[in-house]
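Topology and contacts: notes
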Amino acid sequence: MTETSAWVIFIAAIFTNNILLTNFLGMCSFIACSGQIRTSIGLGTAVIFVMTMTTMLNYVIYHFVLVPFGLVHLQFIVFIAVIAAFVQLVEMFVERFSPRLYFALGIFLPLITVNCAILGASLFMIIRNYSFIQSVGFGLGAGIGWAVAIVMLAGLRQKMRYSNVPQPFQGVAISMVVTGVLAMAFMGFAGMVSIQ
Amino acid sequence: MKVLLKVFEAVRPTFEQGKLKAFKPLYEAMENFFFAPSTTTTTAPHVRDPLDVKRLMSMVIIALLPSIAASFYFFGLRMVAMIIVSYAAGGAVEVIFAIVRKENINEGFLVTGMLFPLILPPALPLWMVGLGVAFGVFVGKELFGGTGRNLFNPALVGRCFLSLAYPKTMSASWLEPSRDLAGRLLQYVDASSVDALSSATPLALAKQGEFASLSHQLFGSVSGSAGETSAIAIILGGVFLLLTRVANWRTVVGILGSFALLGGVLHYAHPEKVGPVLWHLCAGGLLFGAFFMATDPVSSPISNAGKWCYGIMIGCVTVLIRGFTGYVEGVTFAILLGNIFAPILDEMVIAVRIRRLRSEG
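Keep in mind the model is a prediction, meaning the values are calculated, not measured.

1. Observations regarding the overall build of chain B
- Within chain B, the secondary structure is distributed over 16 helices and 2 strands.
- For chain B, the proportion of its 361 residues judged to be buried stands at 52%.
- Taking all contacts inside chain B whose residues are at least 6 apart in sequence as the whole, residues at least 24 apart take part in 75%.
- With the model as given, the accessible surface of chain B reaches about 16,600 Å², and the carbon-plus-sulfur share is 68%.

2. With respect to the domain arrangement of chain B
All names here are of chain B.
- What the domain assignment lists for chain B is domain 1 (21-36 + 51-222) and domain 2 (247-361).
- A combined buried area of about 2,400 Å² lies between domain 1 and domain 2, and 75% of that area is made up of carbon and sulfur atoms.
- Considering only the side of domain 1, the residues that lose the most area to domain 2 are Leu-156, Leu-203 and Lys-207, jointly responsible for 27% of the buried surface there.
- Between the two partners, domain 1 and domain 2, sit 3 residue pairs in polar contact (both at pLDDT 80 or more).
- At the level of elements, helix 3 (53-75), helix 5 (109-118), helix 7 (154-165), helix 9 (202-206) and helix 10 (214-219) are the ones that each hand at least two residues to the side of domain 1 that touches domain 2.

3. With respect to empty space enclosed by the protein
All names here are of chain B.
- Applying the stated criterion across every chain, the model contains 4 cavities of 30 Å³ or more.
- Of the voids in this model, the largest cavity is the one considered here, and its volume is about 110 Å³.
- Lining the largest cavity are 13 residues; nearest its centre among them are Ile-119, Glu-228, Gly-285, Val-331 and Thr-332.
- Where the lining of the largest cavity is concerned, the elements lending two or more residues are helix 7, helix 14 (286-293) and helix 16 (331-360).
- Grouping the constituent residues of the lining of the largest cavity by class yields 6 nonpolar, 4 polar and 3 charged.
- Three or more residues apiece are contributed to the lining of the largest cavity by two domains, here domain 1 (21-36 + 51-222) and domain 2 (247-361).

4. Considerations on helix 1 (residues 6-14) of chain A
- All of the buried residues in helix 1 of chain A are Ala-6, Ile-9, Phe-10, Ala-12, Ala-13 and Ile-14 of chain A.
- Looking at the buried side of helix 1 of chain A, the elements it contacts are helix 8 (132-159) and helix 9 (172-186) of chain A.

5. Topic: the interface of chain B and chain A
- The interface is formed by 35 residues belonging to chain B together with 29 residues belonging to chain A.
- When residues of chain B are sorted by the area they lose upon contact with chain A, Leu-143, Leu-151 and Ile-340 of chain B head the list and together hold 21% of the total.
- Here chain B and chain A share 0 salt bridges between them.
- If you list the elements that add at least two residues to the side of chain B that touches chain A, you get helix 4 (78-101), helix 6 (126-140), helix 7, helix 15 (304-324) and helix 16 of chain B.
- With 9 residues, helix 16 of chain B is the single largest residue contributor to the side of chain B that touches chain A.
- A breakdown of the residues in the side of chain B that touches chain A according to their chemical character gives 24 nonpolar, 6 polar and 5 charged.

6. A look at the packing of aromatic side chains
All names here are of chain A.
- Across all of its chains, the model carries 18 aromatic pairs over all chains by this definition.
- Ring centres of Phe-49 and Phe-86 lie 6.3 Å apart, and the angle between their planes is 40°; on these two criteria the pair is classed as tilted. Placement of Phe-49 in helix 3 (residues 37-66) and of Phe-86 in helix 4 (residues 75-97) is noted, with a sequence separation of 37 residues between them.
- Using a relative accessible area of 42% as the deciding quantity, one classes Phe-49 as partly exposed.
- Taking the centre distance of 5.8 Å and the plane angle of 65° together, the rings of Phe-186 and Phe-189 count as edge-to-face.
- Through a chain of ring-to-ring contacts, three or more aromatic side chains come together here, namely Phe-15, Phe-186 and Phe-189.
- Positioned above the aromatic ring of Phe-97 is the side chain of Arg-96, whose terminal nitrogen or guanidinium carbon lies 5.4 Å from the ring centre.

7. Observations concerning the pattern of salt bridges
All names here are of chain B.
- Per the counting criterion, the structure on display carries 1 salt bridge over all chains.
- Notably, a salt bridge pairs Glu-94 with Lys-141, separated by 3.4 Å at the nearest N-O pair. With Glu-94 in helix 4 and Lys-141 in the loop between helix 6 and helix 7, the pair connects residues that are 47 residues apart, well separated along the chain. Of the two residues examined, Glu-94 and Lys-141, each falls in the buried class.

8. Observations regarding the packing of helix 3 of chain A against helix 8 of chain A
Residues and elements named next belong to chain A.
- Interhelical geometry of helix 3 versus helix 8 gives an angle of 165° and a closest axis separation of 8 Å. In this view, helix 3 runs roughly antiparallel relative to helix 8, as classed from their interaxial angle. For the pair helix 3 and helix 8, the crossing hand works out as right-handed.
- Tallied by class, residues from the contact of helix 3 with helix 8 come to 19 nonpolar, 9 polar and no charged.

Cut-offs and rules
- Residues numbered from 1 in each chain as written.
- Chains lettered and ligands numbered in written order.
- Predicted model: local features only at pLDDT ≥ 70, side-chain atom pairs only at ≥ 80, totals over all residues.
- Heavy atoms only, no water.
- Helix = DSSP H or I, 4+ residues; strand = E, 2+ residues; numbered from the N terminus.
- Buried < 20%, exposed > 50% of the residue type's maximum accessible area, 1.4 Å probe, protein only.
- Contact = heavy atoms within 4.5 Å.
- Areas by Shrake-Rupley, 256 points an atom, 1.4 Å probe, with all protein chains shown as cover.
- Domains from an automatic or database assignment.
- Buried area = accessible area lost by both parts, 1.4 Å probe.
- Polar contact = N/O pair within 3.5 Å; in protein donor to acceptor, adjacent residues only side chain to side chain.
- 1 Å grid on protein atoms, 1.4 Å probe; cavity = no way out; pocket = protein on both sides within 12 Å on 5 of 7 lines; lining within 4 Å.
- Points joined across faces, edges and corners; volume = space filled by probe spheres on them.
- Nonpolar A, V, L, I, M, F, W, Y, C, P; charged D, E, K, R; others polar.
- Salt bridge = Lys/Arg side-chain N within 4 Å of Asp/Glu carboxyl O.
- Phe/Tyr/Trp six-rings, centres within 6.5 Å; stacked < 30°, edge-to-face > 60°.
- Lys NZ or Arg CZ within 6 Å of the ring centre and 35° of its normal.
- Axes fitted to C-alpha atoms, helices over the stretch in contact; angles between N-to-C directions.
- Parallel < 35°, antiparallel > 145°, perpendicular 65-115°, else oblique.
- Left-handed = near helix turned anticlockwise from the far one by under 90°.

Given below as structure tokens:
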């Protein structure tokens, strides 16, 4: 797998292997925060940034700390701790240096800690044996893919205000149906570039 | 006509108060099919125009006539069976929803039920036609409240579902078109007659470097989905739609223009992957999709700038899917993706406009 270029992995993570629409990771915040386009863009940007940074950090920690000391079985706990610590750090930095961005992101920054897509990206990176550059491409691509998906769902949900959804399907149910159609349409890219 | 009117008048009470009250939507649909309704519109879309939803739909049906005729000519009486199954299965979903939700039956289904068989391989098993159209109407339209409120094109949702759920059958149910002068007007040919079963569409053959002749594609005597093979018939109907302004020219020009442009560039860069532009324009479902599927006023963007972006996106994605993915045809996926992006495109156009107004003070 090491011969695939980072660029290919980047494209694949957005389209063919969209972390949300093919692996269905990060569904909770995807459904919860897609009511409005503005908030979905905020959350999407935050995910792009955190996902890229944490895959890089976790790569370094995994290959230079966990593997040499034979602590690979601790990877889940360590990854989650790294993600949580990183998000806290970012929050403090952003609050200190750019209050405007801090208020724009609001609650979403801390929420990202529990977004399973972030942890998923780090774990995929380990399973698929990516090199450092590939990991960066993957993290950035997966983040952008997630952001694109949530912004699209937010747009559709905003348009759905004019729809007349049957009572049992209102709310989360119809969002799930829309997500299914989204995933169907993204299947069209299958085979364009492929990673595992 | 008077006799018919009397019949309707006579049975009206049974449907309005009597035993068959539950089937009132069915009665009203039948009545409206023959006579203009005496009531005003109660559900969206409301348009202040002599061109109401029903006549809009009739225009599309009229525009489809050349393609329907071509599909009869090349693929025979099986088309009749497919259209009947499509109307029956999709209509059943529509009627059940109307009865349960106590609403009127939407006019939109007339078009969906006709479009759907035209974008399917002509030798597809009939139960799949029924399943596909039922899924498309159910998930693509009725769950959102019916005509005018759907987010996606119902026929495309149905086709996308079929091509993902039964990929083998969907890619192997092509019929060899008849090459006789009389066509197949009086023949019923399906997958059981092996000699008529064809292996591949021009697009699939092109992946192996074999190009069908352009004149065959213009005329329609190539293998492919029932209504998409005859380019001339589609253009005839499409120009009618554009002239009556039922279809927006921006979408059509956006799709075909961007397709030609990107296709041309990629043809010079990767001639082994992307064929000549003119050939690709007439191949597969591109023309049919551009004129009849993408121009659906409900699932495409509302603003004009949004329509341009929407068309350009569909055209580019089609080229990319055709040239670089495992699929030979990408129009279905491309238009569905366009539907998905449509609200965001509108939103972006509005945001840009607001910013411009603000800066002008």
